[in-house]
Amino acid sequence: MTRRGRIVAWTGGVLGVLLLATAGVGAWVYQHLDGNIHGVDIGVDGKRPVNLSPGSKNILVVGSDSRAGANAKYGKGLTTMQSDTLMVLHIAANHKWATAVSFPRDSWVKIPACTRGNGSKSSPHHFKINEAFSIGGDSGSIRKAAACTIKTVEQNTGLRIDHFTSVDFQGFKGMVNALGGIEVCPKHAIHDKKAHLDMEAGCQNVQDEKALGYVRTRYSVGDGSDLGRIGRQQEFMKALGAKAQEKLTSPGELYDFLDSATRSITTDNDLAGLKQLYDLASTVKDIPSDRLTFLTVPNYYRQADVPTDKANVVWQYPQATELFSDLAHDREIGAAGKKKFADAAKSPVTAHAVQVRVLNGTGTPGQAAAAAEQLRKMGFTVIATGNAPATDKTTVTYPAALKTQSEVLAGHLRGIKATESAAAAPGAVTLTIGPDFSAESTG
């Protein structure tokens, strides 16, 4: 039930609606709470992934820390909307299992061209994945922030996103306060000015600003990475969900919790409403707890590929490719799959460890050199460039001994499948550039 509680909490505690009805609270309360939920019409432009598993659902969940109004104290000089937490919840078509995948906000990915608040288009570039939310939301538009984030996640994972939901800072605090706080047990004292947090070590009840600071703190705990923060957030939401199930037994307590939850939620129009959220939460509730899997997209520190970058992570291939493919085809990850990814994370094959020959098959001079430069920026070791017979399609070929290395390269190139070839040069993976290759397709 604890893992179910985490999802219930993220969907706004809407399972409590049933208790509201049985407690004899008037219909106006339902209407008020239903009206709190903000629905937006999210239009994602450009080519989108095909839904490969009809009946399954991919729901993008964003923890939003818009720096407007009461949230302004959390980001000096920041005028755009910010995303602090990003995850995709995949619900299987048969409703018998689900997987929640967290994306570190420091994931170094390709940010596609997006529509800004003023209607202009941003240029494609590489940066932290959470920047997509602030690009679209640079003028406070949650609709455009959601559209850019969905577009970014879809293009980097190949997953079709069906629904979107966002929960902001102030609503999160209200939910915690309605429960009388949540107990946390930090092993070490935490003093983080950025998160507005001062805590001594040991178990203690936190609410309001201290609760918010605890789930936001990063630089003053552990190694200062976003990976550690993801773990703390998941544990906090686990405790929040468990306490909600235990404590919300009176109409008053339940109303305060749901009022804060629904005020904090923005969804796509198809998910906007208590009934829709209740139906979603009920689906998750019926999934056995041992078939709810929570994991973080496989990754490693980008410094292994780019020594000057000490602030970001890159997704680990081919493991990330396998994860996204499994979800796209509605294949259960499960505990065994999670363990396999965790074991692989102990010794990742980095981009820097992959030696690449780049050949130009376009007939246009300079294409191999340009592609080689792009690969070097990503951390790959380019050992040679040259020309190849004309080809219509970009290919990746490899000798039998370099299968994993070829899959690492193919994972970064989006949509290009690696092929074993007896004629491939030994000791390196060969990338042959065709007219379909674009440096913007790399990630």
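Residues numbered from 1 in each chain as written. Predicted model: local features only at pLDDT ≥ 70, side-chain atom pairs only at ≥ 80, totals over all residues. Heavy atoms only, no water.

At a minimum axis separation of 9 Å, helix α6 (residues 169–178) and helix α7 (residues 208–216) run at an interaxial angle of 120°. Put simply, α6 runs oblique to α7. Where α6 crosses over α7, the handedness of that crossing is right-handed. Here F169, F172, K173, V176 and N177 of α6 lie close against α7, whose contacting residues are D208, E209, A211, L212, V215 and R216. (Axes fitted to C-alpha atoms, helices over the stretch in contact; angles between N-to-C directions. Helix = DSSP H or I, 4+ residues; strand = E, 2+ residues; numbered from the N terminus. Parallel < 35°, antiparallel > 145°, perpendicular 65-115°, else oblique. Left-handed = near helix turned anticlockwise from the far one by under 90°. Contact = heavy atoms within 4.5 Å.)

Turning our eyes to something else, we now look at the packing of aromatic side chains. As enumerated under the stated definition, the model contains five aromatic pairs in all. Judged by centre distance (5.6 Å) and plane angle (45°), the ring pair of F103 and W315 falls under tilted. With F103 in the loop between β4 (98–102) and β5 (108–111) and W315 in strand β15 (residues 313–315), the pair connects residues that are 212 residues apart, well separated along the chain. Judged by its relative accessible area of 3%, F103 falls in the buried class. Ring geometry for Y214 against F236: centres 6.1 Å apart, planes inclined by 40°, an arrangement best described as tilted. (Phe/Tyr/Trp six-rings, centres within 6.5 Å; stacked < 30°, edge-to-face > 60°. Buried < 20%, exposed > 50% of the residue type's maximum accessible area, 1.4 Å probe, protein only.)

Ranked by internal contacts, the top residues of the largest apolar core, which has 45 residues, are F172, V176, M199, Y214, F236, L240 and F257. Sorting elements by how many residues they give to this core places α6 first, with five residues. Non-local contacts of V176, meaning those with residues more than four positions away in its chain, are made with G181, I182, V206, Q207, A211, F236 and L240. Counting residues in hydrophobic clusters, the runner-up holds 39 residues, among them V88, A145, C148 and F341. (Core = buried A, V, L, I, M, F, W, Y, C linked by side-chain atoms within 4.5 Å.)

Let us look at the side chain of T267. In this structure, T267 sits in strand β12 (residues 265–268). For T267, the side chain forms a polar contact with the main-chain nitrogen of A272, separated by 3.1 Å. Each residue touching T267, except ones within four places of it in the same chain, is listed here: I37, H38, G39, V40, F164, T165 and A272. (Polar contact = N/O pair within 3.5 Å; in protein donor to acceptor, adjacent residues only side chain to side chain.)

Here T152 shows up in helix α5 (residues 142–157). A polar contact is formed between the side chain of T152 and the backbone oxygen of C148, at a distance of 2.9 Å. In contact with T152, other than residues within four places in its own chain, are V109, K110, I111, P112, I129 and A132.

This part takes up the pairing of strand β20 (residues 429–433). A regular strand places its side chains on the two faces of the sheet in alternate fashion. The buried count for β20 comes to five of five residues, which makes it a mostly enclosed element. The alternating pattern of β20 places V429, L431 and I433 and T430 and T432 on opposite faces, both of which are buried. Taken together, the five bridges between strand β16 (residues 355–360) and β20 define a ladder with parallel strand orientation. Considered in β20, the bridge of N360 is made with I433. (Pairing = 2+ DSSP bridges.)

Here we take up the environment of T115. By the element assignment, T115 lies in the loop between β5 and β6 (125–128). Placed 21 residues apart in sequence, T115 and G136 show a C-alpha to C-alpha distance of 6.1 Å.

For helix α13 (residues 367–378), spanning 12 residues, the distance from its first C-alpha to its last is 17 Å, which sits close to the expected 16 Å at 1.5 Å a residue. Among the residues making up α13, those that are buried are A368, A371, A372, Q374, L375 and M378. Down the axis of α13, the smallest arc covering the buried residues is 160°, so these residues share one side. Looking at the buried residues of α13, the elements they touch are β6, β16, β17 (381–387), α14 (403–413) and β20. Positive phi appears at G379, one or two residues downstream of α13, with a value of about 110°. (Expected span 1.5 Å × (residues − 1). Arc of directions from axis to C-beta.)

Attention now moves to the state of the cysteines. Per the stated rule, a full pass over the model turns up two disulfides. In this model, C114 is linked to C148 through a disulfide, with the two sulfur atoms separated by 2.1 Å. Sign of the S-S torsion, about 80° for the bond between C114 and C148, identifies this disulfide as right-handed. Taken as a pair, C114 in the loop between β5 and β6 and C148 in helix α5 lie far apart in primary sequence, 34 residues in all. (Disulfide = S-S within 2.5 Å.)

Below, the discussion takes up the pattern of salt bridges. Tallying each qualifying case throughout the model produces 15 salt bridges. Between K173 and E209 there is a salt bridge, and its shortest N-O distance comes to 2.4 Å. Of the two residues, K173 is situated in helix α6 and E209 in helix α7; the sequence distance between them amounts to 36 residues. For E322, the salt bridge goes to K340, with nearest N and O atoms at 2.3 Å. You can see E322 sitting in helix α11 (residues 319–328) and its partner K340 sitting in helix α12 (residues 334–344), a full 18 residues away along the chain. Residue E322 is classed as partly exposed on the basis of its relative accessible area of 29%. What emerges from the salt-bridge pattern is a single network uniting D45, K121 and K151. (Salt bridge = Lys/Arg side-chain N within 4 Å of Asp/Glu carboxyl O.)

What follows covers the confidence of the model for the protein. In the predicted model, the protein carries a mean pLDDT of 84, and 85% of its residues have values of at least 70. Contacts from residues 1–25, a stretch scored under 50 in pLDDT, to residues over four places away or in other chains number 67 contacts. Below pLDDT 50 for its whole length, residues 67–72 participates in 13 contacts with residues either more than four positions away or in separate chains. (pLDDT = per-residue confidence, 0-100.)

What follows deals with the sheet that holds strand β13 (residues 292–296). Read from one edge of the open sheet, seven strands run β1-β12-β7-β2-β3-β4-β13, paired in mixed fashion. Both outer strands of the open sheet, β1 (38–40) and β13, are each paired with one neighbouring strand and no more. Going from strand to strand, the sheet's axes swing by 20° on average, the running direction of each strand aside. Relative to β4, strand β3 (residues 83–91) is paired through five bridges, and the arrangement is antiparallel. Across the sheet, residue L89 finds its bridge partner in β4, namely A100. Strands β1, β2 (57–64), β3, β7 (163–168) and β12 of the sheet are contacted by α5, whose axis makes an angle of about 125° with β2. Along the sheet face, helix α10 (residues 274–285) touches β2, β3, β12 and β13 and points at about 65° away from the line of β3.

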